[in-house]
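Residues per chain are reported as follows:
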Amino acid sequence: MLTVVFSGLRDRWASFLGGFVALALGVGLLATMGLGLSATFHAPERSPQRFASSPVVVRGQDRLTLDVRRGPGTVPVEQRLDRPQPVDGAVLRELRARWTVTTSGGPDAVGVDAPAAEVRALVGDRARVLTGDARTQADPDPERDARALVGLNALLGTSGGVTAFVSVFVVASTFAFAVALRRREFGLLRTAGATPGQIRRLLLAEAAALGVLASAAGCALGALGAPLLARTLVDGGLAPAWFTIGGPSWPFHVAFWTGVTVALAGAVAASRRAGKVGPTAALREADVDADALPLGRAVLGAGLVVAGLGLLVWTCVTDPSALLKRKTYTTLPMLLITGVALLSPLLVRPVARLLRARGAVGTLVRENSAAAVRRTAAVAAPALVTVALAGTLFGSATSVTRAKEVEAREQTAAEHVVSGDDLRPVAAPAGAVLSPTGATSVFVRDGDAAVVKYGARAVADPAAFAELARLPVTAGDLRDLDDRSIVVNEEFERHRVGETVEVWRADGSGPVRLRIAAVLALGTGDNGPYVTRANAPGAALDRIDARGGGAATARALEASGGTAHARAAGDNRQARLGMALVLGIALVYTVIGLANTLLMAMSVRGGELASLRLAGATRAQILRVVTGEAVLAVAIGALLGLVVTGVVLGALGAGLAALSAPVALVLPWPVAGAAAGACAVVAAAASAVPAWRLTR
């Protein structure tokens, strides 16, 4: 058996080359992403900066600790405050009375030159005592490193998932098409006495050998590519400057065995089909594919389409805000893409028949595409994946960004908006209305089992705020906001006007009971809550909305030290780079899949092309026929990809409408068109070059 397997791999190396390259590249990317992910699990150890010379740091409380119910009892949970509280004055006096105390950069922490145990005994629970590396928590923005890794972790995880998905897709498609081309060979083996089980084991052994060799090569590629990935992420602004790849071995184990599993999984369905080939297939080889969609493939494809549509509808109904998240609109479309690709043979023939090109070349393109359903579907599938990913990724991201921009413009009646850190308060000129606000937080119990931290806005002038704000109020009135009330959104457990909500302020003080003055629609996620400055201790102004007053207002806003702008969500450069990385992976696999499929297809069409020459077709006509078939197949795949994109964007639009957010859907024609164009160019070249050689 092994002799037959390796002989087959050696003799048909061209047929397996595309699968080998795709699998090796997939394993290499998985190893690279795994090494990158392992580096994002822990931020680098940093030495203390602010109190580097102090062995002990006493810091004001920087966490809100509340008891929540867990089963029959309660447990304490912590939520980090926006800024730590100042060190208690009594504690500070006691420390200074006994030891040398160092102050640096603010009242939230002090350094103490004393034994840690004695300091803890004196301070008790009135403040936090930090020693060793924990002293970095007193540095400015101590969590910036960990925060910088969150988005990078999501990006690499998503890219790894897309890599695994597309590699399985390409490898499975390669094996399925290779089996379709080897029906005569399997028929001869059956005639020679081979059993269906032996045929299946032969294909699985080929897949295992291919998987082991490709996975080993892929791990070597991963070791070389990981440092390059780190440099690319740093240069592109997707990772902090200190980001480097570590040396754990588990990514290589995961990538290697994933590659072997992918190869075997891609060959399982093909081997079952090959085992059903009878001895008469050696004599009854037909050019028309009559059984291009087996029952199992049809059931699986329909199931995936139904599951994909069902998940979209379920998410839209139960949690529409999830549709706005990149993780959702990156992963959910994969079910639809796979399902439509499996069902594509059903659609190839009727779509190909729609071609109404005149002349012999157009007729041959139409009829050959409709007759060779397997070949056309195998070429259309990679194009479907690329166009659908391009449309859903960039379309969803652009639509969410556009919705945020429209929502931001609609939420204020201001003529001028300035923003910046620590704006200086300015007086309103005659005839002008100025509404200063700042960022803050409120903590609210969600039932008795959780504490939720909400990012809020602190309103300095409630009357001016109510006059300029155009928020999506579903109940109540913004003019009722005062120091004893709060404006909430529909995400709050309690969101009925007149009810009271128990909240803790940004500095951990509280609880205070505030009456609900108004309720806002959830929107894209930036709607409320709103409180007055009295319930936002320490909140600095970072935005001023203004209307009226003419040139005097403009001069006053300039004196605030802020930057004038029209409030908009803007583009996220890092998100675009991340999506480009994911789409680039899909496009590379598409190129491999298209080239491999068309090269395999052309390898068995020598007799067909020779017959066309004998029938009077010129070499140029034959090249136009084969390239026309390839381009038509890509066009079918692109059309199906646009259908998937339309379904996903339709669900996103329904989710935005359910959130009372502006529905501003964008179909990324340039990106989708570029993806389809790249597929068409590769398909035309991969079919024209071997056809030119065969017709010499």
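Residues numbered from 1 in each chain as written. Predicted model: local features only at pLDDT ≥ 70, side-chain atom pairs only at ≥ 80, totals over all residues. Heavy atoms only, no water.

Participant: Could you clarify how one ought to interpret the nonpolar core in this entry?
Facilitator: Grouped burial of nonpolar side chains is what soluble globular proteins tend to show. Ranked by size, the top nonpolar core spans 69 residues in total, and within it Leu152, Val166, Leu233, Phe243 and Val644 carry the most contacts. Per-element tally for this core: the top contributor is helix α12 (residues 373–410), with 12 residues. What valine 166 contacts, discounting residues up to four positions off in sequence, is Val385, Leu389 and Tyr589. Counting residues in each nonpolar core, the second largest holds 17 residues, with Tyr454, Ala456, Val512 and Leu514 among its members. (Core = buried A, V, L, I, M, F, W, Y, C linked by side-chain atoms within 4.5 Å. Buried < 20%, exposed > 50% of the residue type's maximum accessible area, 1.4 Å probe, protein only. Helix = DSSP H or I, 4+ residues; strand = E, 2+ residues; numbered from the N terminus. Contact = heavy atoms within 4.5 Å.)

Participant: What's the story with the pattern of salt bridges in this structure? I'm lost.
Facilitator: For side chains bearing opposite charge, pairing can occur when the charged atoms are close. All told, the structure shown has 16 salt bridges when counted by the stated rule. A salt bridge links aspartate 62 to arginine 59, with the shortest nitrogen-to-oxygen separation between them at 2.7 Å. Arginine 59 matches aspartate 62 in its accessibility class, with the two residues each being buried. For aspartate 477, the salt bridge is made with arginine 479, and the minimal N-O distance between the two is 2.7 Å. Residue classification places arginine 479 among the exposed positions, given a relative accessible area of 64%. Through salt bridges with shared partners, a single ionic network connects Arg50, Arg59, Asp62, Arg63, Glu78, Arg80, Asp108 and Arg128. (Salt bridge = Lys/Arg side-chain N within 4 Å of Asp/Glu carboxyl O.)

Participant: Whenever I open this one, the sheet that holds strand β1 (residues 56–59) confuses me. Can you help?
Facilitator: By definition, the strands of a sheet pair up through backbone hydrogen bonds, in either a parallel or an antiparallel sense. Spatial ordering of the open sheet is given by β4-β5-β1-β6, a layout of four strands whose pairing is antiparallel. A strand with exactly one partner marks an edge of an open sheet, and here the two such strands are β4 (100–103) and β6 (128–131). The mean inter-strand angle of the sheet, taken between neighbouring strand axes irrespective of direction, is 30°. The sheet contact formed by β1 and β6 spans four bridges and is antiparallel. Looking across to β6, one finds that valine 56 is bridged to threonine 131. On the sheet, helix α3 (residues 89–98) packs against β1, β4 and β5 (109–113) and is oriented at approximately 130° with respect to β4. Contacts from helix α4 (residues 116–123) reach β1, β5 and β6 within the one sheet, and its direction differs from that of β6 by about 170°. (Pairing = 2+ DSSP bridges. Axes fitted to C-alpha atoms, helices over the stretch in contact; angles between N-to-C directions.)

Participant: How should unusual backbone geometry be read in this particular structure?
Facilitator: Cis peptide bonds are those with omega within 30 degrees of zero, and the linkage from glycine 510 to proline 511 qualifies with 5°. With respect to the helices and strands, the residue proline 511 is situated in the loop between β12 (500–504) and β13 (512–520). One non-glycine residue, serine 660, lies in positive phi territory at about 60°. Considering the arrangement of structural elements, one finds serine 660 in the loop between α17 (619–658) and α18 (669–694).

Participant: Honestly, the packing of α3 against α4 in this entry has me stumped. Any pointers?
Facilitator: If you want to describe how two helices pack, look at the angle between their axes and the distance between the axes. α4 packs onto α3 with a crossing angle of 145° between their chain directions and a minimal axis gap of 10 Å. Here the hand of the crossing between α3 and α4 comes out right-handed. Facing Val91, Glu94, Leu95 and Arg98 of α3, the residues of α4 in contact are Glu118, Val119, Leu122 and Val123. Of the residues assigned to the contact of α3 with α4, the class counts are five nonpolar, no polar and three charged. (Left-handed = near helix turned anticlockwise from the far one by under 90°. Nonpolar A, V, L, I, M, F, W, Y, C, P; charged D, E, K, R; others polar.)

Participant: Would you mind showing me how to read the side chain of glutamate 629 here?
Facilitator: Secondary-structure assignment places glutamate 629 in helix α17. Among the residues examined, glutamate 629 registers a relative accessible area of 5% and is labelled buried. Excluding its chain neighbours within four sequence positions, the residues that come into contact with glutamate 629 are Leu364, Val365, Asn368, Ser369, Arg375 and Arg605.

Participant: Before we go on, may I ask you to explain helix α10 (residues 326–353) in this structure?
Facilitator: In an α-helix, one turn spans 3.6 residues; hence positions three or four apart end up facing the same way. Under the 1.5 Å per step criterion, the end-to-end length of α10 is 38 Å for 28 residues, consistent within 8% with the ideal 40 Å. Of all the bends found along α10, the most pronounced is centred on serine 344 and spans about 55°, while proline 345, a proline, follows it within four residues. (Expected span 1.5 Å × (residues − 1). Bend = angle between axes of the 7 residues up to and from the residue.)

Participant: When you look at the environment of proline 196 in this model, what are you seeing that I'm missing?
Facilitator: Take proline 196: it is sitting in helix α7 (residues 196–235). Among the residues examined, proline 196 registers a relative accessible area of 29% and is labelled partly exposed. Counting along the chain gives 10 residues from proline 196 to phenylalanine 186, while the straight-line C-alpha distance between them is 9.4 Å.

Participant: Looking at this model, I keep getting lost on the packing of aromatic side chains. Mind explaining?
Facilitator: The relative placement of two aromatic rings is captured by the distance of their centres and the angle of their planes. Per the stated rule, a full pass over the model turns up three aromatic pairs. Look at tyrosine 454 and phenylalanine 492: their rings are 4.2 Å apart centre to centre, the planes differ by 20°, and that puts the pair in the stacked class. Taken as a pair, tyrosine 454 in strand β9 (residues 450–459) and phenylalanine 492 in the loop between β11 (485–489) and β12 lie far apart in primary sequence, 38 residues in all. Judged by centre distance (5.0 Å) and plane angle (40°), the rings of phenylalanine 465 and tyrosine 530 are tilted. Placement of phenylalanine 465 in helix α13 (residues 462–468) and of tyrosine 530 in strand β14 (residues 530–532) is noted, with a sequence separation of 65 residues between them. (Phe/Tyr/Trp six-rings, centres within 6.5 Å; stacked < 30°, edge-to-face > 60°.)

Participant: Sorry, what's going on with the environment of valine 643 here?
Facilitator: By the element assignment, valine 643 lies in helix α17. When the C-alpha positions of valine 643 and valine 340 are compared, they lie 9.5 Å apart, and in sequence the two are 303 residues distant.

Participant: How should a nonpolar patch on the surface be read in this particular structure?
Facilitator: Nonpolar side chains collect at one region of the surface, where Leu309, Leu639, Val643 and Val647 lie side by side and expose about 300 Å² of accessible area between them. Counting residues per element, the nonpolar patch draws most heavily on α17, at three residues. Its location among the elements puts valine 647 in helix α17. (Patch = residues over 30% accessible without salt bridge, like charges linked within 9 Å, V, L, I, M, F, W, Y side chains within 5 Å. Areas by Shrake-Rupley, 256 points an atom, 1.4 Å probe, with all protein chains shown as cover.)

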